[in-house]
Amino acid sequence: MSLQIALEKARWLTAGLLELNGCDADIAQDVAEHMIEAERYGFPSHGVTLLPKYLENIARGDVTVNARPEVLVSEDHLLCFHAHNGFGQHAAKVAINAAIERAKAKGFCLLTLRHAHHLGRMGHFGQMASDKGLVMLAMSNVTGRPALVAPWGGAEARMTTNPFCFAWPFKGGRPAMLVDFATSSMALNKARVMSVEGKQAAPGQLIDADGYPSVDPGVLFTSPAGALLPFGEHKGFGLSLMIEMMAGILSGGDTIAEDHQAGGSAHNHLFALLIDPDKFSDRADEKGRFFADYLLATRPQSGGRPVIYPGIPEAATGARNEKTITIPASFWSWVVERYAGKGIDLGLNNQLSALAS
């Protein structure tokens, strides 16, 4: 069962629980906004259902609740930040906004961020850049938790999901090109959602704890656990290696080799390049539009859907969910219980539907 919840009320309740568990108001708002926007654009794996895990991380001390990012290097085109184990959604928002200003002034900016708690959805930061007319190429490795991804040809996990993001803006209201994917066959949180819903994965995405192929995402949550496989076989493996080195080492952070913990939580290191295309070519937007139109004019396969570029479906989903988002009823029951545990009666037990208005 699911509910249509007014977006602003969902944000208010999510941020409120974070504040009640020790977050400063502005940090809580940044984390809540990030999760709500993930829901809005159709990525529930990075949405509000992460909140129980985040509160658990706070209780365990896995995240330094009110840590704020520190600028370590600020020279010409280079910005380096240290998140001090604070919430990644807040630290990355601060760092990306600083890099946007630097790229606007200088033409481009190389940005690194080290030692952040979970960054969330990488596409969120690509959208931030493209909304300001900037191109962004970003990558993040994952540390602090057990390895999840087997190297190509391996029978055990040694790497993690290592996401990659590319954003290219268009003027005139056209949706930006927005590429955002894990270098594993799927994101761990997506596998968790599929497991809960009883869905099977496609062949070639998973191996069980003995190294045999499986279509059951639940093998990732057994003890001992199975592993995800790289997407695209050796090609995804190669891209994941690049991300591990660029994000984990150049940021001054860690790689999974030196920072993996049984029962640990996800931490991230970030490498990003932000570019003002107008500083490089006065025809960047014109040529970008021409290329996009060229792709969109592709004849579709027999019986298939029209060709689109990544970013179009997300923009359409975001527009549909401008006022409300769909949330599992079980999650809102959990929210009510958490507030009740703090002595706050939200009056939602029999009034959940009222949140939709």
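What you are looking at is a predicted structure, and each value in this text was computed from that prediction instead of being measured.

A word on the domain arrangement of the chain. Taken domain by domain, the chain comprises domain 1 (1-60 + 326-356) and domain 2 (67-184 + 230-322). In this complex, domain 1 contributes 23 residues to the contact, which on the side of domain 2 involves 22 residues. Of the roughly 2,000 Å² buried between domain 1 and domain 2 on both sides combined, carbon and sulfur atoms contribute 58%. Of all residues in domain 1, His34, Arg40 and Tyr41 give up the largest surface area on contact with domain 2, accounting jointly for 31% of the area buried on that side.

So, about the packing of helix H4 (residues 88-106) against helix H5 (residues 122-131). The N-to-C vectors of H4 and H5 enclose an angle of 25 degrees; their axes lie 10 Å apart at closest approach. As far as their axial angle goes, H5 and H4 are roughly parallel. In this structure, H4 crosses over H5, and the sense of that crossing is right-handed. The residues of H5 that touch H4, namely those facing Gln89, Ala92, Lys93, Ile96, Asn97 and Ile100, are Phe125, Met128 and Ala129. Residues belonging to the contact of H4 with H5 are distributed by class as follows: 6 nonpolar, 2 polar and 1 charged.

Our next topic: helix H8 (residues 284-296). Spacing of three or four residues puts side chains on the same side of an α-helix, whose turn is 3.6 residues. Look at H8: 18 Å from first C-alpha to last across 13 residues, which is about the 18 Å you get at 1.5 Å a residue. Of all the positions in H8, only Ala284, Asp285, Gly288 and Ala292 are classed as buried. Seen end-on, H8 carries its buried residues on one side only, within an arc spanning 90 degrees. Turned more than 90 degrees away from the buried face of H8, the exposed residues are Phe290 and Tyr294. On the buried face of H8, the contacting elements are strand E6 (163-168) and strand E7 (177-182).

Parameters at a glance
Residues numbered from 1 in each chain as written. Predicted model: local features only at pLDDT ≥ 70, side-chain atom pairs only at ≥ 80, totals over all residues. Heavy atoms only, no water. Domains from an automatic or database assignment. Contact = heavy atoms within 4.5 Å. Buried area = accessible area lost by both parts, 1.4 Å probe. Axes fitted to C-alpha atoms, helices over the stretch in contact; angles between N-to-C directions. Helix = DSSP H or I, 4+ residues; strand = E, 2+ residues; numbered from the N terminus. Parallel < 35°, antiparallel > 145°, perpendicular 65-115°, else oblique. Left-handed = near helix turned anticlockwise from the far one by under 90°. Nonpolar A, V, L, I, M, F, W, Y, C, P; charged D, E, K, R; others polar. Expected span 1.5 Å × (residues − 1). Buried < 20%, exposed > 50% of the residue type's maximum accessible area, 1.4 Å probe, protein only. Arc of directions from axis to C-beta.

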